[in-house]
Amino acid sequence: MTLVDVDGNGYQDIFATTYGGSNYLVSNSDGDFSEAEVKEFSGDGRLLTLSAGFGDLDQDGDLDLALGNWSSGSEKLFSPEFSANEILYQENGDYRRTVMDDIKGETNSVLITDLNGDQLADVLFGNDRLTPDFYYLGVGQGQFELIQRDDGVPLSSMFTMSLESADFNNDLAMDVFSTDMSFARAATVDYCDQVSTENCQHWLEILENLPDLGVSVCKGSFNAPACVDAMSISAAQLLKDDRPCNAITSSQSAQRLCRHLARTAAPEVAIDVNAHIEQRQQNTLLLKSGDSFFDAANELGVDSSYWSWNASAADLDKDGWNDIYVGNGFHFGDGFYEVQPNRMFRNVSGAEFDDVAGSWGLDDLINTPSYTYIDYDLDGDLDIFASGVMESPRLFENKLNSHNSVSFRLRQSGKNSDAIGATVTINSGDKAQIKELSLSGGFMSYDHPVVYFGLAESKVVDKLTIVWPDGEQTTITDPLEANHHYVVQRR
């Protein structure tokens, strides 16, 4: 679920996905959802949209949707039978659907960015396991061309969980970071000791009994209906029989998942991986160089971050360089899987990244699939609001330093009121930085549509340049004082 103003009335609408195929857009007319219009995007050929990106993909001034679809992941050996991705073009208050079914993959992340700087939106789909990531270059009027091997992108992650674009070396070009899974030995940790959930051990007992259908563990459970539902799904999957699904009472989505897992997986479709971007099991950091990219993840120290999920760029210490926080974690210290800390890669002037999670207080051991950056206390730096598996949401308040910063909120008329897809460039002394206003990327995570810049010791922005989503440019040369939040209204 995310908030996005799709009709340009200045109020945030709600976009939500459900297992079973249907997605929903709940319109916010005046801040009151009591009589909201709900638009359903039917799930024909789709089981779940796991990731979605918003942007003006056909240059007509409104927000379109790129849907990254997913069937059931490892539960059916990553069979992408219902995982064809889609683009929904907004046209006259309705949406025209285009299915990208040439090759299907279990898509975990959708990123809309401008890879080649031609002011046309490009769409990147990050896929799990052996299906390559698909990078589509926009060629105008909502048309896209798939990047092939040797087209300038040398590498992608194999088990891609998250995609992010940002300028990591301050050359005013967009780079791309993707996360994968990696493993390392760690001290034995009891996951339940890390969380505040009272029933953690009981949930792990249920998880342990699922393969053997140990339904007796549900007797006396604090949440017996959910326990029985989990056992019913496991039984249907094991027996390839959907009759146990009839016992599920919690939700229609749980019933749909159960019946899908009871079906025999479709035969795997062979993919000519040599025709697509090369895959490697590691994080990648693709730095722009001329008309192509090169991978600098190993060189700069960000190639591994354990079992990674969401990763997003932000200048958390306000020194003028984009850092990367990575939420990770899988399972709970059982068997092969080990509990590892989240990672915080501090950008050291574009020359390397240091893992400062410990010294910054971000090395907790909670499995963290998603988070968002937001300046919740309005003090000029970005805080982190993170989800956790079997844990309440956590808020990490930024107390790093007193460096200067500046932030901008863009506003324009029309249906793309937040100017999603715009770029903002600032010049301060002899330094320049660029940010892209995006509502995509990451893993099940979105950030507030505000751009933040760290200024270190600089006290003034000498020049502000905005390239709006349609390519028009606004330049402000009047000095802008640091440590302010500016709203820029397009005229």
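Before reading further, recall that the structure is shown in the block above.
Residues numbered from 1 in each chain as written. Predicted model: local features only at pLDDT ≥ 70, side-chain atom pairs only at ≥ 80, totals over all residues. Heavy atoms only, no water.

(A) Here's a closer look at empty space enclosed by the protein. As enumerated under the stated definition, the model contains 5 cavities of 30 Å³ or more in all. The volume enclosed by the largest cavity comes to roughly 520 Å³. Lining the largest cavity are 33 residues, and of these Glu 164, Ser 312, Ala 313, Glu 436 and Asp 447 sit closest to its centre. Of all the secondary-structure elements, those providing two or more residues to the lining of the largest cavity are strand E14 (162-166), strand E19 (308-314), strand E23 (371-374), strand E28 (431-436) and strand E29 (451-456). Per-element tally for the lining of the largest cavity: the top contributor is E19, with 5 residues. In terms of residue class, the lining of the largest cavity is built from 17 nonpolar, 10 polar and 6 charged. (1 Å grid on protein atoms, 1.4 Å probe; cavity = no way out; pocket = protein on both sides within 12 Å on 5 of 7 lines; lining within 4 Å. Points joined across faces, edges and corners; volume = space filled by probe spheres on them. Helix = DSSP H or I, 4+ residues; strand = E, 2+ residues; numbered from the N terminus. Nonpolar A, V, L, I, M, F, W, Y, C, P; charged D, E, K, R; others polar.)

(B) Structural context of the sheet that holds strand E24 (residues 383-388). Spatially, the 3 strands line up as an open sheet ordered E23-E24-E25, and their pairing is antiparallel. Sheet topology places E23 and strand E25 (391-396) at the edges, where each strand pairs with a single neighbour. The mean angle between the axes of side-by-side strands here comes to 15°, regardless of whether they run parallel or antiparallel. (Pairing = 2+ DSSP bridges. Axes fitted to C-alpha atoms, helices over the stretch in contact; angles between N-to-C directions.)

(C) A nonpolar patch on the surface, seen in detail. A cluster of nonpolar side chains, contributed by Ile 374, Tyr 376, Phe 385 and Leu 395, occupies part of the molecular surface with about 350 Å² of accessible area. As for its placement among the helices and strands, Tyr 376 is situated in the loop between E23 and E24. A relative accessible area of 40% places Tyr 376 in the partly exposed class. (Patch = residues over 30% accessible without salt bridge, like charges linked within 9 Å, V, L, I, M, F, W, Y side chains within 5 Å. Areas by Shrake-Rupley, 256 points an atom, 1.4 Å probe, with all protein chains shown as cover. Salt bridge = Lys/Arg side-chain N within 4 Å of Asp/Glu carboxyl O. Buried < 20%, exposed > 50% of the residue type's maximum accessible area, 1.4 Å probe, protein only.)

(D) Molecular detail of the layout of surface pockets. Within this model, the largest pocket holds a volume of roughly 2000 Å³. Lining of the largest pocket is provided by 45 residues; of these, Trp 70, Ser 74, Glu 75, Leu 207 and Phe 330 occupy positions nearest its centre. Mapped by element, the contributors of at least two residues to the lining of the largest pocket are helix H1 (200-209), helix H2 (224-239) and helix H3 (252-262). When residues of the lining of the largest pocket are assigned to their parent elements, the largest contribution, 6 residues, is made by H2. When its residues are assigned to classes, the lining of the largest pocket shows 30 nonpolar, 12 polar and 3 charged. For the second largest pocket, the calculated volume is near 750 Å³. Contributing to the lining of the second largest pocket are 29 residues, with Met 1, Thr 2, Met 444, Ser 445 and Tyr 446 lying nearest its centre. Elements supplying a minimum of two residues to the lining of the second largest pocket: strand E1 (2-4), strand E2 (13-17), strand E5 (48-55), E23, E24 and E25.

(E) Representation of a negative patch on the surface in the model. Negative charge collects at one region of the surface, where Glu 205, Glu 208, Asp 212 and Asp 334 lie side by side. Along the chain, Asp 212 turns up in the loop between H1 and H2. (Lys, Arg positive; Asp, Glu negative; His and termini not counted. Charge placed at Lys NZ, Arg CZ, Asp CG, Glu CD.)

(F) Seen up close, the packing of aromatic side chains. Inspection of every chain in the model, using the stated rule, returns 14 aromatic pairs. Pairing Phe 168 with Phe 353 gives two aromatic rings, centres 6.2 Å apart and planes at 70°, and the pair type is edge-to-face. Residue Phe 168 is found in the loop between E14 and strand E15 (175-179), and its partner Phe 353 is found in strand E22 (residues 352-355); the two are separated by 185 residues along the sequence. Given the relative accessible area of 2%, Phe 168 is considered buried. Judged by its relative accessible area of 6%, Phe 353 is buried. Three or more aromatic residues joined by ring pairs form one cluster here, namely Phe 15, Phe 41, Phe 54, Tyr 95 and Tyr 446. In this structure, Lys 39 is placed above the aromatic ring of Phe 41, and the distance from its NZ or CZ to the ring centre is 5.8 Å. (Phe/Tyr/Trp six-rings, centres within 6.5 Å; stacked < 30°, edge-to-face > 60°. Lys NZ or Arg CZ within 6 Å of the ring centre and 35° of its normal.)

(G) The arrangement of H1 in detail. Those residues of H1 not exposed but buried are Cys 200, His 202, Leu 204 and Ile 206. Here the buried face of H1 lies against H2. (Contact = heavy atoms within 4.5 Å.)

(H) Fine view of the state of the cysteines. The full count for this structure, using the stated rule, is 3 disulfides. Here Cys 192 connects covalently by a disulfide to Cys 200, the sulfurs 2.0 Å from one another. Negative torsions about the S-S bond denote left-handed disulfides, and the value of about -75° found for Cys 192 with Cys 200 makes this one left-handed. Pair check on accessibility: Cys 192 and Cys 200 agree, each one buried. Linked covalently through their sulfurs, Cys 218 and Cys 227 form a disulfide whose S-S length is 1.9 Å. What sets the handedness of the Cys 218 and Cys 227 disulfide is the S-S torsion sign, and at about -75° it is left-handed. You can call Cys 218 buried: its relative accessible area is 4%. Owing to a relative accessible area of 0%, Cys 227 belongs among the buried residues under this scheme. Along the chain, the cysteines engaged in disulfide bonds are linked according to the scheme 1-2, 3-4, 5-6 when indexed in sequence order. (Disulfide = S-S within 2.5 Å.)

(I) Structural context of the packing of H2 against H3. The geometry of H2 relative to H3 is characterised by a closest axis approach of 7 Å and an angle of 20° between their N-to-C directions. It follows that H2 is roughly parallel to H3 by the angle criterion. When the axes of H2 and H3 are compared, the crossing they make is right-handed. Contacts between H2 and H3 involve Ser 232, Ile 233, Ala 236 and Gln 237 from the former and Ala 254, Leu 257, Cys 258, Leu 261 and Ala 262 from the latter. (Parallel < 35°, antiparallel > 145°, perpendicular 65-115°, else oblique. Left-handed = near helix turned anticlockwise from the far one by under 90°.)

(J) Up close: the nonpolar core. Phe 15, Val 406, Phe 408, Leu 410, Val 424, Ile 426 and Leu 464 are the most contacted members of the largest nonpolar core, which totals 33 residues. Put simply, the parts of the chain that give this core at least two residues each are E5, strand E6 (64-70), strand E26 (404-411), strand E27 (423-428), E29, strand E31 (463-467) and strand E34 (485-489). Setting aside its immediate chain neighbours within four residues, Val 424 contacts Phe 408, Leu 410, Gln 433, Ile 434, Lys 435, Val 451, Phe 453, Leu 464, Thr 465 and Ile 466. (Core = buried A, V, L, I, M, F, W, Y, C linked by side-chain atoms within 4.5 Å.)

(K) Just the pattern of salt bridges, in detail. Summed over all chains, the structure comprises 18 salt bridges. The salt bridge partner of Glu 86 is Arg 97, with a shortest N-O separation of 2.6 Å. Here Arg 97 lies in strand E8 (residues 94-100) and Glu 86 lies in strand E7 (residues 85-91), a separation of 11 residues in the sequence. A residue is classified by how much of its surface remains accessible, and Arg 97, at 34% relative accessible area, is partly exposed. Through salt bridges with shared partners, one network takes in Arg 46, Glu 86 and Arg 97.

(L) Representation of the pairing of E27 in the model. Taken across its 6 residues, E27 has 5 buried, putting it largely inside the fold. Relative to E28, E27 runs antiparallel, the two sharing 6 bridges. When the bridges of E28 are listed, Ile 426 appears paired with Gln 433. Counting the residues that bridge the hairpin from E27 to E28 gives 2 residues, and of these Gly 429 lies at a positive phi of roughly 65°. Pairing of E27 with E31 involves 5 bridges; the strand directions are antiparallel. Within E31, the position partnered with Asn 427 by the bridge is Lys 463.

Functional significance is not addressed by these values, which are geometric in nature.
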